[in-house]
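Okay, here's what each chain looks like letter by letter:
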Amino acid sequence: MQPVDINFYGMAVTKICCIGAGYVGGPTCSVIAMQCPHIKVTVVDISAQRISQWNSEKLPIYEPGLDDIVKKQRNVNLFFSTNIEESIQEADLIFISVNTPTMTFGVGKGRAVDLTYVENSARTIAQFSTSDKIVVEKSTVPVRAAESILKILSANDKPNVKFQVISNPEFLSEGVAVENLLNPDRVIIGHEETADGLWAFKQLSKVYLNWIPESKILKTNIWSSELTKLAANAFLADRISSINSISVICEAIGADISEVAKGIGLDSRIGRQFLQASVGFGGSCFQKDLLSLVYICECLNLPRVAVYWQQVLDMNVYQKSRFSNKIIESLFNTVTGKKITMFGFAFKKDTGDTRESPAIHVAKTLLDKGAKLNIYDPKVDPEQIKKDLTHPYVSDNPENVFKFIEIHDNPYRASHSTDAIVICTEWDEFVNLDYEEIYKSMKKPAFIFDGRKILNHETLATIGFQVHTIGKGHKTINMSSELTKLAINAFLARRISNINSMSVICEATGADVSEVAKGIGLDSRIGRQFLQASVGFGGSCFQKDLLSLVYICECLNLPRVAVYWQQVLDMNVYQKSRFSNKIIESLFNTVTGKKITMFGFAFKKDTGDTRESPAIHVAKTLLDGGAKLNIYDPKVDPEQIKKDLTHLCVTDNPENVIKSIEIHDNPYRTSQSTHAIVICTEWDEFVNLDYEEIYKHMIKPAFIFDGCKILNHKTLATIGFQVYTIGKC
C-alpha cells in the first residue's frame, strides 16, 4: 500500500452521481458537495419518499452537523433526485452506495450479503451510460464483488463506452459520520493493476484531495480494499466481544471491568477505544460484516477461520442474553405484569438507527416473559420502535406487543410507576437526569440496570436504587489487578491471531495482508501495533496466560468464555501448521532427504528466548517429514536449539534429530547447498543479507519461505528465487 503520487493529466471529475440515498450516500455526497463547490453532486434513489425527505426540512437520518451542510449545499451543487437515467448519463463518476443486507432466504440465509441492489445498480449504469464512467464500489460488499460488477458492465458494453471499477469503502461511524468524512483516518482506494485502473484511482483521488491530505489516501488492489472494510469492522467488534468476555469473568471473581479495561487501554500496543463493556454491539455494520466474513470463509473452505470469527458473534449474543436474564433474575425471577422502563432504543448514542440494536433483544426477552415496557429514546421515531418489536423475528403476535409497550417523549413520564429502569443506549441525557425525582415516582424496591456503564452507581445506591451493571462482582477482595495482566496478553495475542486469520483469507482471495493490515492499522480506534501477519506468536507469556485464562473460565463454569479465548490458541497452532505444510507442498510434496535452511530460532528478534517459538513447530514438522535442517540464529545458544528439538514434546527419537540438524554461526554457510530458506525470526540481519550471493550456492530451484514478511519479495523473485510468504497469493 503506497501513499499517492498525484501527477496526471486528463479530464477532471466535474459531475458525480451517487446511487443510494441512505446512511452512506447521503452524508458522503453532502460533504463532497461542500468541499468541492466546482463539482455537481446528484444523489439518486428509486424511493420517491426518501428523496422527498432529503429535499425537506426533516432529513431521513439524524447525524450531528448534517442538516447544516445539506441546507447550505442543496440546490447549489447538491441535488437529490429520482431521475436516475439523466444523472447517470451526465456523470463522470458514479458511487454505488446501496443497501447490502444479509440474505433472508436461500443459500447463505442469515449470513451471506445480498448483492441484489448492487447488481441492479450495475445493470442500470450499463443501461443508461452513453460515455465512459468510473464506477466506485462504496457499499460494503464481500471480497471480489467488484469482479461481479465489472462482469455485468462488460457484458452490456456499448460502442465508445468504457468502465473502470474501483473500490472505495466507507468507514463511517454513525453519530460522528460528518466528522469521519471531514477528518478521516484514511481513504482507501482499490483499483485494477492496469494503466486504466491507475487512471481511475487518480481521478477519484483528485476529488478527495480537495480537503484530505495526500498522505491519507492509500491505494491497494481491489480485493485488499474490499477485505479491509470487513476486517476493520471485525477487529472493532472483536474488541467489544473481548472486553465483554472479560466482564463475565469480572462478575464471577469480584473484579471490576472498568478498572481492568482502563489497565488494558493504557497499554499503548492496544489503545483505549472500544473497551467499554456493555450489553453488546449493534448497528448495521458489525454483525452484517462479521456474518459476511464467516460466510466467505465457509465458501472458501476455511472452516477454522469461520469458527474463529463466529465466536465474536456468539459472544455478543451471549452478552445480550446474560444482561436480559440478569434483569429477570434480579426482579425475583419474574417480570410478568411488571412495568419496566427502557432508556434508549438506538444501537448507540447520537443516531436514530435501531438496526441490530441490543435494545431489541432485551425488549423481546422481557416481552416474552410478560413484562410491560415504557420506552424512551430522544431520537428514534416511535414508529420505528413499533416496527422493530413487531417484526416476525421478534414476535409472532404483533397485536399483543402493541398492548404491552408505551412509547414516551419524556424520561420522567416513562419511568413513572415502573419497577425498573434499563439503560440500553448511552445517551448523554441519561447521565444528567434527576434520579432522586425519578426514584420518588417509582415502585419500591426500584431497580436500575445500567447496560452501558454510564451512571454513577454509588450515588444511585445512596438514593435508594438497587443497582446492577455489567462486569462488576461483589466479592470482598478486588481481583482486577490480577486479571488485568492476563487480559492484556490475551488482547495482544488475539490481535496477532486476528491478522493471521485475515492472512488465510488473503491467500484464498487475492488480497494482500500487508495492505489490509495497513488499512486496518490506520484506523485510530484500532491502532497499528501487533498487526504483522506471521507464522504465529511465541514466547513465555502469551500462550501461558491464555491457557491460564481458559482454565480459569472452565473452573468458573464459564464455557462460552473459555471457548472464545481457546480460539486464539487454536488459530495460532493452525497458522504454524499452515506455514509448515506450505513449505512441504511447495517443495513438490516431499522434504525427505532435502536440506532446508532455517534463519532464526528465537520467538522474536532481539532476544535469545526460544520458549514456544514457532520455529520449533516448523522444525518438528520438517524433521518428521525427513528433512535435514541447517539452522542459524545470531543470539540463540546452539545447545538451546538442540534441547528444544530433542524435547519429549517434539520427538521420541532424539538421536535421529541430532543427526538431522546442523547449527551454524554464519548465514551464508548455513544456506550453502540447501533447497530452501525459511525465515522464522524477524532479525534485521536477515533483511540485509546478500541474497544474490546466497542464491548462487543453493540447489535450484531455490525457495524462500518468508514467515515474518520482512524481505523484498520482488527483488528476490528477480534474482531467481521461488518466493512464498504469508497472506499473499
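Procedures and definitions
- Residues numbered from 1 in each chain as written.
- Predicted model: local features only at pLDDT ≥ 70, side-chain atom pairs only at ≥ 80, totals over all residues.
- Heavy atoms only, no water.
- Helix = DSSP H or I, 4+ residues; strand = E, 2+ residues; numbered from the N terminus.
- Salt bridge = Lys/Arg side-chain N within 4 Å of Asp/Glu carboxyl O.
- Buried < 20%, exposed > 50% of the residue type's maximum accessible area, 1.4 Å probe, protein only.
- Pairing = 2+ DSSP bridges.
- Right-handed = clockwise from strand over helix to strand, strands pointing away.
- Axes fitted to C-alpha atoms, helices over the stretch in contact; angles between N-to-C directions.
- Contact = heavy atoms within 4.5 Å.
- Polar contact = N/O pair within 3.5 Å; in protein donor to acceptor, adjacent residues only side chain to side chain.
- Core = buried A, V, L, I, M, F, W, Y, C linked by side-chain atoms within 4.5 Å.
- Expected span 1.5 Å × (residues − 1).
- Arc of directions from axis to C-beta.
- UniProt positions renumbered as here; feature names shortened; annotations may be inferred.
- Phe/Tyr/Trp six-rings, centres within 6.5 Å; stacked < 30°, edge-to-face > 60°.

Q: How would you sum up unusual backbone geometry? Please name residues and give values.
A: Omega for the peptide link from Lys-444 to Pro-445 comes to -5°, which places this bond in the cis form. Omega for the bond connecting Lys-700 with Pro-701 falls within 30 degrees of zero, at -5°, which places this linkage in the cis form. With respect to the secondary-structure elements, Pro-701 resides in the loop between α29 (691–696) and β20 (703–706). Phi is positive for Phe-332, close to 65°, though the residue is something other than glycine. Mapped onto the secondary structure, Phe-332 falls in the loop between α12 (303–330) and β10 (339–343).

Q: Residue-level account of the pattern of salt bridges, with values.
A: Inspection of every chain in the model, using the stated rule, returns 33 salt bridges. Taking the shortest distance from any N to any O, the salt bridge between Lys-364 and Asp-368 comes out at 3.0 Å. Separated by four residues within a single helix, Lys-364 and Asp-368 lie in helix α13 (residues 358–368), roughly one turn from each other. On the basis of relative accessible area, Asp-368 is assigned to the exposed category, the value being 53%.

Q: Explain the pairing of strand β15 (residues 466–469) residue by residue, including any values.
A: Relative to β15, strand β14 (residues 447–450) is paired through four bridges, and the arrangement is parallel. Within the sheet, the bridge partner assigned to Ile-448 lies in β15 and is Val-467. Remark: the β14/helix α19 (residues 457–463)/β15 crossover connection has right-handed handedness.

Q: Give me the sheet that holds β10: which residues, what numbers.
A: What the six strands build is an open sheet, ordered β12-β11-β10-β13-β14-β15; its pairing is parallel. Bordering the open sheet on either side are β12 (405–408) and β15, each of which pairs with just one other strand. On average, each strand axis in the sheet is inclined to that of its neighbour by 20°, with strand direction left out of account. By the bridge criterion, five bridges tie β10 to strand β11 (residues 372–376) in an arrangement that is parallel. Note that in β11 the partner of Met-342 across the bridge is Ile-375. Across the face of the sheet, α13 comes into contact with β10, β11, β12 and β13 (420–423) while running at roughly 175° to β10.

Q: How would you summarise the side chain of Ser-247 if you had to cite specific residues and measurements?
A: Mapping Ser-247 onto the fold places it in helix α9 (residues 222–253). For Ser-247, a relative accessible area of 0% corresponds to the buried category. In terms of polar contacts, Ser-247 uses its side chain to reach the backbone carbonyl oxygen of Asn-244, at 2.5 Å. Not counting chain neighbours up to four residues away, the residues in contact with Ser-247 comprise Ile-257, Ala-277, Gln-319, Arg-322, Ile-470 and Gly-471.

Q: Describe in detail the nonpolar core, supporting the description with residues and values.
A: Counting residues in hydrophobic clusters, the biggest one holds 205 residues, and the most contacted among them are Ile-246, Trp-309, Leu-389, Tyr-435, Trp-565 and Tyr-691. In contact with Trp-309, other than residues within four places in its own chain, are Ala-234, Phe-235, Asp-238, Leu-290, Leu-293, Val-294, Asn-498, Ser-501 and Met-502. Formed by 40 residues, the second largest nonpolar core is a distinct cluster that contains Cys-29, Ala-33, Ile-166 and Phe-201.

Q: Describe helix α22 (residues 542–555), naming the residues involved and giving the relevant values.
A: With 14 residues, α22 ought to run about 20 Å at 1.5 Å a step, and its terminal C-alpha atoms sit 20 Å apart, in line with that. If you check which residues of α22 are buried, you get Phe-542, Asp-545, Leu-546, Leu-549, Val-550 and Cys-553. Looking straight down α22, one finds its buried side chains confined to an arc of 140°; they lie on one side. Among the exposed residues of α22, those oriented more than 90 degrees off its buried face are Lys-544, Tyr-551, Glu-554 and Cys-555. Once α22 finishes, Asn-557 follows within two positions and takes phi at roughly 60°, a positive value.

Q: How would you sum up the UniProt feature "active site" (unreviewed entry) in the chain? Please name residues and give values.
A: Feature annotation in UniProt places "active site" (unreviewed entry) on Cys-285, given in this structure's numbering. One can find Cys-285 in the loop between α10 (257–265) and α11 (286–299). The residues touching Cys-285, leaving out its near neighbours within four places in the chain, are Glu-170, Lys-229, Asn-233 and Leu-290.

Q: So, the packing of aromatic side chains: which residues are in play, and what are the values?
A: Overall, the coordinates contain 26 aromatic pairs when judged by the stated rule. Ring geometry for Trp-54 and Phe-80: centres 5.0 Å apart, planes at 10°, overall stacked. Highlighted residues: Trp-54 in helix α2 (residues 48–54) and Phe-80 in strand β4 (residues 78–81), separated in sequence by 26 residues. For Phe-80, a relative accessible area of 7% corresponds to the buried category. Taking the centre distance of 5.0 Å and the plane angle of 70° together, the rings of Tyr-439 and Phe-465 count as edge-to-face. You can see Tyr-439 sitting in helix α18 (residues 435–441) and its partner Phe-465 sitting in the loop between α19 and β15, a full 26 residues away along the chain. Each member of the pair, Tyr-439 as well as Phe-465, carries the same accessibility label: buried.

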